[in-house]
Amino acid sequence: QVQLVESGGGLVQAGGSLRVSCAASGRTFSSYAMGWFRQAPGKEREFVAAITWSGGNTYYADSVKGRFTISRDNAKNTVNLQMNSLKPEDTAVYYCAARLSTRDYLGSASLSRRGYDYWGQGTQVTVSS
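Before going into details, it helps to say that this report is about the structure given with it. On a predicted model such as this, the values are computed, not experimentally measured, just so you know. (Residues numbered from 1 in each chain as written. Predicted model: local features only at pLDDT ≥ 70, side-chain atom pairs only at ≥ 80, totals over all residues. Heavy atoms only, no water.)

A short note on the pairing of strand β8 (residues 78–83)
Buried residues dominate β8, accounting for five of its six residues. Here six bridges tie strand β3 (residues 18–24) to β8, and the two strands are oriented antiparallel to one another. Pairing of Ala23 across the sheet is with Thr78, part of β8. Here strand β7 (residues 68–73) runs beside β8; their pairing, made up of six bridges, is antiparallel. Considered in β8, the bridge of Ser71 is made with Asn80. Counting the residues that bridge the hairpin from β7 to β8 gives four residues, and of these Asn77 lies at a positive phi of roughly 55 degrees. (Buried < 20%, exposed > 50% of the residue type's maximum accessible area, 1.4 Å probe, protein only. Helix = DSSP H or I, 4+ residues; strand = E, 2+ residues; numbered from the N terminus. Pairing = 2+ DSSP bridges.)

Right, here's the structure in full:
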């Protein structure tokens, strides 16, 4: 079992940057692909970014491509989401999630909430205009 704890959320002005992090428990973190999702008030939780177990492949939602970067450190059991050029529409609760997979590619299941086995509690990101 994996426990995930997000941190690093906060309030930032439009155009600014923020990094959210996710710390994972357990000795098998490198066996999991990781993803970031977000949920704005009144909206469904949506995919943001994903990374393979090795960090060798990543995938982004079109809405964040070129602005967000996902990375991981398997030695520290952490996955990060660096968010630049933030927009008010990026305001949401950001969740990290773990998916048991040692494949070197991200299939369609990696882009869906249903494809993930474990979730963190979320961290709020608010972008003011």
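Notes on the pattern of salt bridges
Applying the stated rule across the entire model yields four salt bridges. Asp62 is the partner of Lys65 in a salt bridge, and the nearest nitrogen-oxygen pair spans 3.1 Å. With its nearest N and O atoms 2.7 Å apart, the salt bridge here joins Asp90 to Arg67. Of the two residues, Asp90 sits in the loop between β8 and β9 (92–100) while Arg67 sits in the loop between β6 (58–60) and β7, which places them 23 residues apart along the sequence. Like Asp90, the residue Arg67 is buried in the burial classification. Here the salt bridges do not stand alone but share partners, grouping Arg38, Glu46, Arg67 and Asp90 into one network. (Salt bridge = Lys/Arg side-chain N within 4 Å of Asp/Glu carboxyl O.)

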